[in-house]
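As a plain string of letters, each chain reads:
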Amino acid sequence: MSSYKFIWKYLKEYKYSYLIGLGFVMVTSVINMVNPFLSGTVVDRVIYNKETNVLIPIVIIMISVVLVKNIIRYKYQMVFEVISQKIILSIRGDLYEKLLALDFGYYNKTRTGDIMARMTGDTDAIRHFIAWVIYNIVDNVCIFIFAIISMSYINLKLTIFMVAICPFIAYFTLKMSNKISPTFTNVREAYSKLNSIVQENISGNRVVKAFAKENYEIEKFEVENKNYRDKNLDSVMITKKYIPILEYLANFLTVIMILVGGILVINKSMTISELVVFNGLLWALNNPMRMAGYLINDTQRFITSTIKIIELLEEEAKIAPKENSIHINNIKGNICFDNVSFKYEKEAALKNISFNVHEGQTVGIIGHTGSGKSTLVNLICRFYDTSSGSIYIDGVDIRDLELRNLRQSIGVAMQDIFLFSDTIEGNIAYGVPRASIEEVRNIATVAEAHEFITDMSDGYDTVVGERGVGLSGGQRQRISLARALIKDPSILILDDTTSAVDMETEFKIQKEVNSDSRKRTSFIIAHRISSVKSADLILVLENGEIIERGNHESLMKNKGYYYNVYRNQFGNFDFEKDVV
């Protein structure tokens, strides 16, 4: 899709208002021709014929022309500005909707700074094009054409001499346009990288300070900052080469007018008053030629920005809502992995995983870091699709299930906890916005969060910082757990949710969660044996494969990986007593 077709898709809703605005632009272009002619009349009638009585009426007319022109100009500028803001509102809305529709794969390969550049700088370039560039192109073209018509009417010879310079201006303008276009793409890429550096350091400022890496990060920023400067200077160097040429050619019109016009006046082929009119119209040739370079620059920026926005809007989500998908009113939580494998690009994360879980059962998952634990539960949520094999929920392939229906039935407390810059109550009730404060408090009690929340000065109205800054790791985990539980999901996924809490608190959380009357299927990823010990099925993963499976008692008898982890965590003593 071309940049112009793309913007027309949004502009056509306001096409009549916009066209009327452009009509008024042309009207002001015609009005601009009036005062130079009135100046010629002053020379003829007032200076030469001494008709002083007509001076005041002419001045009043000239003032009125300026006033009317400025009123019309103000009106159409406001029309274009309002339309541009409405269009950008729609574009940003479509971009944001697309971002929410895209799956994890897109975010894994795309820099945050690049996304932010599309949402901010690129959209502003489009707004500027709609609100300013288009009407200025129309305005300057109309002024140029009307000026040539007016000048030709007065004196065709002088007009031909002045217009003769236009092909040279057109040549250099086109040449500058071709050379400057790639530089805007480079500028935009450099801006994206700079955005990414800033975003990472703002989000990770605690890590930077903890490792005393301020100087290192400053050096990284300086590299990208200088790169952004250099890319802008590349663009400037091109304009530096061509803009002076265009300015020179435009200003050379004055020399032509004085030289040729003077000769014509001397030869009585032209009157002084006509030369005055020409002088008054000179800006109408000069200004459009001078503006040509700047307008082409802005147009090229618009094209570069729309290309990036179109790329995002045309990005296809690998996991998207499916037509004729199956909706299950009450998902029970019977889950079957049938020979499931998954690859991140070319790297295998899971290999031939098969197991069955019945409604209400608890599955514990343990294994080394990078063994595929989080990947396995991500497939249940359908954050990714399997590379091979199938996952069934209540006998239905999850690829055939309505995506929203599936995810609304799952409660997830993720390993990478994200809390919004909102109140604690707002964070807990995120999945159920209409939840009452009593429901929030009850679920916070289950997650062992109520006590520390009430100890805060503002209680549940305490506003947490971005990503939960200001809360301890254990506090964030308990709020995340409460957020998952308040949905009352059929399937509960806890990805290392209690790693930052003490053993006593973990025991209380498990007791409260297990005492819940809801019969839900649970997946618990943990490094602590205490977190998965009571699970109906324990899966031990290594390099993406299940190397052991069973309950606590059977795995202890096998004396494999699980047995060794247990010994390391609890010491070498009578295991049978501990099992009991």
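The notes below deal with the structure included here.

Rules behind the numbers
- Residues numbered from 1 in each chain as written.
- Predicted model: local features only at pLDDT ≥ 70, side-chain atom pairs only at ≥ 80, totals over all residues.
- Heavy atoms only, no water.
- Pairing = 2+ DSSP bridges.
- Helix = DSSP H or I, 4+ residues; strand = E, 2+ residues; numbered from the N terminus.
- Axes fitted to C-alpha atoms, helices over the stretch in contact; angles between N-to-C directions.
- Core = buried A, V, L, I, M, F, W, Y, C linked by side-chain atoms within 4.5 Å.
- Buried < 20%, exposed > 50% of the residue type's maximum accessible area, 1.4 Å probe, protein only.
- Contact = heavy atoms within 4.5 Å.
- Parallel < 35°, antiparallel > 145°, perpendicular 65-115°, else oblique.
- Left-handed = near helix turned anticlockwise from the far one by under 90°.
- Nonpolar A, V, L, I, M, F, W, Y, C, P; charged D, E, K, R; others polar.
- Arc of directions from axis to C-beta.

**Considerations on the sheet that holds strand β8 (residues 521-525)**
The strands making up a sheet are joined through hydrogen bonds of the backbone, oriented either antiparallel or parallel. With respect to topology, six strands assemble into an open sheet ordered β6-β7-β8-β3-β9-β10, the strand pairing being mixed. Each edge of the open sheet carries a strand with a single partner, namely β6 (410-413) and β10 (545-550). The sheet shows a mean angle of 15 degrees between the axes of neighbouring strands, direction not considered. Bridging between strand β7 (residues 491-495) and β8 involves five bridges; their strand directions are parallel.

**Quick notes on the nonpolar core**
In this structure, I428, I453 and Y562 are the most contacted members of the largest nonpolar core, which totals 42 residues. In this structure I453 touches I424, I428, A444, G459 and Y460, once residues within four positions along its chain are discounted. Counting residues in hydrophobic clusters, the runner-up holds 37 residues, among them I72, L99, M291 and L313.

**Describing the packing of helix α3 (residues 34-48) against helix α11 (residues 272-313)**
Axis angle and axis distance: for two packed helices, these are the angle between their axes and the distance between the axes, and together they describe the pair. Packing of α3 against α11 brings their axes to within 8 Å, and their N-to-C directions diverge by 150 degrees. Taken as axis vectors, α3 and α11 run roughly antiparallel relative to one another. α11 is crossed by α3, and the crossing has right-handed handedness. Along its contact with α3, which presents P36, F37, S39, G40, V43, D44 and Y48, the element α11 presents I272, S273, V276, V277, G280 and L281. Tallied by class, residues from the contact of α3 with α11 come to eight nonpolar, four polar and one charged.

**Quick look at the sheet that holds strand β1 (residues 335-344)**
Spatially, the four strands line up as an open sheet ordered β2-β1-β4-β5, and their pairing is antiparallel. The two strands at the open ends of the sheet, each matched to only one other strand, are β2 (347-357) and β5 (396-397). Note: β1 against β2, seven bridges, orientation antiparallel. What sits directly across from F342, in β2, is L350. This element, helix α12 (residues 373-380), spans β1, β2 and β4 (388-393) of the sheet and lies at about 120 degrees to β1.

**Considerations on helix α15 (residues 437-446)**
Residues of α15 that are buried: V440, I443, A444 and V446. Buried positions in α15, seen along its axis, are confined to an arc of 150 degrees and lie on one side of it.

**A closer look at the environment of Y242**
Tracing the chain through its elements places Y242 in helix α10 (residues 214-266). Residue Y242 is classed as buried on the basis of its relative accessible area, which comes to 2%. When the C-alpha atoms of Y242 and F172 are compared, they prove to be 6.8 Å apart, with 70 residues separating the residues in sequence. Setting aside its immediate chain neighbours within four residues, Y242 contacts F172, K175, M176 and K179.

Just geometry here; none of it tells us what the structure is for.
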